[in-house]
Amino acid sequence: MSKYKPTIGIEIHTQLATKSKMFCGCDNDSRGAKPNTNICQVCYALPGSLPVVNRGAIAMAIKMAIGFNSKIADVTSFDRKNYFYPDSPKGYQITQMDQPIIQDGFVEILVDGEFKKIGIHHAHLEEDAGKLTHPEGSEYSLVDFNRAGTPLVEIVSEPDIKSPEEAKRFLQEIHNIVTSLGICNGDMEHGNFKFDLNVSISDTDELGTRVELKNLNSFRNAERALKYEIKRQEDMLAEGKVISQETRGWNDAKSKTFAQRSKEEANDYRYFPEPDLPPFNLDRDFVSDIQKEITVLPIEIRKDLNNLGLSVDDQDLLISQPNTASIFADARKILKKDNLSKKAVNWLVGDYQAIKSGLKKDKLSGGNLAELVGLVDSGEISSKIAKDIFRDVCEGDSPADIIVSKGLVLLSDDSQLEEIILKIINDNPKPTSDYRAGSEKVLGFFVGQVMKETKGQANPSKVNELVVKLLKG
Ligand SMILES: [Zn+2]
């Protein structure tokens, strides 16, 4: 165990899944569009053009605030961050500095079986920049402004994260929240969800020098980069070296962090209130309408699944698939009992995952899943039959309808079964007297005969019980 304790804070950039851009009517989805075709005078801030705040983006930020247990600002405002770089068509970015829409919240992460709160310092709306490409061997760069003006929310955590594992879980939990609430598509390969990690180590109560790891977009790499960086800083301190405040990148191929720029080169962005957008009040009716749209938060599902004793992997799987989670929620309401609900989860994380991509139509409902679990539990069908019909259930058929139409109902009726068993006892005097003389192993013979007689449709536990009862006479 190292004497140094790490302190980690994270900034996450999430791209909002709105229809249009942050301040104009341009399409927010430029996939497949030719460079510089999805732009307008607002994207460029041409003289005379004025930005208009996207109501959909505000609604999504409010949803995020609810997911983060945050205060929703009464008044929110935008600021101008000035910088000159070829990816910015305006020479500035509209962002939120003084009155961000999301203030002071927390999310809960599950670490080593315990829930831990990680503070959210704030989260603010802003617009994305364009995209630069540098063709190999050429002396020029190309710029595509289609992405300029895309709405982003930057989420800033408190430095409450104490290990690379906690950092990974925090990122996964935020990803769960923004994707399950429909705020962000969460496609990490396409930059929908990327993050910067701030890490320092210290062996006292005072924080050490902070290093920023920039632009990561994979949970696994976040954990690896932090582990590497913590070790690097420990080794430096052990050698008596001084850690410098700097920005570093992550080289995946070499599994190393590398220096990018030092603190001295930090820019002065000359922030000032955005003159084209006055501060505005967030109407409480608008906020409460959005609140009503959210029926369940991922953390509530996680706590429920955790209480049912499900592994973190199974929890993650269910939560990361909002449709599957909602099938479970519906089944849970019907089944109520924990042991039956757990059986429903087992279907969802097991057989359902194995066959879902090959289904003709994926129409599994919570009602049908609950019915299937109930039929097995009451002994009306065996788990073997349940497995056999599961594909049809996933394609939308009701289990009860399937077993009736295919004649699969287990024979559980006492009087019917007793009649069959008595006949077999009468026809087989030798095994009967063997049993009565103490040979228990002939039981299997009788059960087998009943199964043969009923073509495998007798309820096995019922048959066992009745055979013993009738043989004892
Ligand atoms: Zn535009």
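Residues numbered from 1 in each chain as written. Predicted model: local features only at pLDDT ≥ 70, side-chain atom pairs only at ≥ 80, totals over all residues. Heavy atoms only, no water.

Caption draft 1: Molecular detail of the sheet that holds strand β4 (residues 79–82). Taking strand neighbours across the sheet as the criterion, the 3 strands line up as β5-β4-β15 in an open arrangement whose pairing is antiparallel. The two strands at the open ends of the sheet, each matched to only one other strand, are β5 (92–95) and β15 (272–273). Two strands pair when backbone bridges link them, and β4 and β15 are joined in this way by 2 bridges, in the antiparallel orientation. Paired with D79 across the two strands is P273, which belongs to β15. (Pairing = 2+ DSSP bridges. Helix = DSSP H or I, 4+ residues; strand = E, 2+ residues; numbered from the N terminus.)

Caption draft 2: Region of the structure containing the pattern of salt bridges. Taken as a whole, this structure holds 36 salt bridges when the rule is applied. A salt bridge links E166 to K116; its shortest N-O distance comes to 2.7 Å. Pair noted here: E166 is in helix α3 (residues 164–180) and K116 is in strand β7 (residues 114–127), with a separation of 50 residues, a long-range link. (Salt bridge = Lys/Arg side-chain N within 4 Å of Asp/Glu carboxyl O.)

Caption draft 3: Examining empty space enclosed by the protein more closely. In this structure the tally under the stated criterion is 1 cavity of 30 Å³ or more. Counted as a void, the largest cavity has a volume near 80 Å³. Residues that form the lining of the largest cavity fall into these classes: 5 nonpolar, 2 polar and 2 charged. Among the domains, domain 1 (5–281) and domain 2 (295–405) are the pair contributing at least three residues each to the lining of the largest cavity. (1 Å grid on protein atoms, 1.4 Å probe; cavity = no way out; pocket = protein on both sides within 12 Å on 5 of 7 lines; lining within 4 Å. Points joined across faces, edges and corners; volume = space filled by probe spheres on them. Nonpolar A, V, L, I, M, F, W, Y, C, P; charged D, E, K, R; others polar. Domains from an automatic or database assignment.)

Caption draft 4: Main features of the sheet that holds strand β14 (residues 256–262). Read across the open sheet, the 9 strands follow the order β2-β6-β7-β10-β1-β11-β12-β13-β14; overall the sheet is mixed. In this open sheet, the two edge strands, each paired with only one partner strand, are β2 (71–72) and β14. Pairing geometry for strand β1 (residues 5–15) and strand β11 (residues 193–202), over 10 bridges, is antiparallel. In the strand pairing of β11, K5 is matched with S202.

Caption draft 5: Structural detail: the coordination of the zinc ion. Binding of the zinc ion to the protein goes through C24 (SG), C26 (SG), C40 (SG) and C43 (SG), at separations of 2.3 Å. Considering all 4 donor atoms around the zinc ion, the spread of angles at the metal, 103 to 121°, places the coordination shape in the tetrahedral class. In terms of primary sequence, the donors binding the zinc ion are separated according to C-x1-C-x13-C-x2-C. Of the residues examined, C43 reaches a relative accessible area of 6% and is grouped as buried. (Donors = N, O, S within 2.8 Å, 3.2 Å for Na, K, Ca; no water. Tetrahedral: all angles 85-135°; square planar, octahedral: opposite > 155°, others 65-115°. Buried < 20%, exposed > 50% of the residue type's maximum accessible area, 1.4 Å probe, protein only.)

Caption draft 6: A look at the pairing of strand β13 (residues 246–251). Judged by how many residues are buried, β13 sits mostly within the fold: 5 of 6 residues are covered. Where strand β12 (residues 211–216) and β13 come together, 3 bridges link them in parallel fashion. Bridging across to β13, L213 finds its partner in R248. Chirality of the crossover, the property in question, places the unit of β12, helix α4 (residues 219–238) and β13 among those that are left-handed. With 6 bridges connecting them, β13 and β14 associate as antiparallel partners. Paired with N251 across the two strands is K256, which belongs to β14. Where β13 folds back on β14, the antiparallel hairpin that results is connected by 4 residues, among which S255 adopts a positive phi of roughly 50°. (Right-handed = clockwise from strand over helix to strand, strands pointing away.)

Caption draft 7: Looking closely at helix α17 (residues 460–472). Over its 13 residues, α17 runs 19 Å from end to end, which matches the ideal 18 Å to within 8%, given 1.5 Å per residue. Buried residues in α17 make contact with α14 (414–427), α15 (429–436) and α16 (443–453). Just beyond α17, the residue with positive phi is G473, at close to 70°. (Expected span 1.5 Å × (residues − 1). Contact = heavy atoms within 4.5 Å.)

Caption draft 8: Structural view of the nonpolar core. I10, I62, L125, F170 and F195 are the most contacted members of the largest nonpolar core, which totals 72 residues. For this core, the leading source of residues is helix α2 (residues 55–67), giving 9 residues. Apart from the residues within four sequence positions on either side, I10 is in contact with I155, V156, S157, I161, A167, F170, L171, F195, D196 and L197. Of all hydrophobic cores here, the second largest spans 36 residues; its members include V349, I355, L375 and I403. (Core = buried A, V, L, I, M, F, W, Y, C linked by side-chain atoms within 4.5 Å.)

Caption draft 9: Here's a closer look at the confidence of the model for the chain. Per-chain confidence: the chain averages 92 in pLDDT, with 99% of residues scoring 70 or above. The weakest mean pLDDT in the chain belongs to α17 at 86; the strongest belongs to strand β10 (residues 151–157) at 98. (pLDDT = per-residue confidence, 0-100.)

Caption draft 10: Local environment of unusual backbone geometry. Even without being glycine, N69 reaches a positive phi, approximately 50°. By the element assignment, N69 lies in the loop between α2 and β2. One non-glycine residue, K336, adopts positive backbone phi at about 60°. Note on placement: K336 falls in the loop between α8 (322–335) and α9 (338–349).

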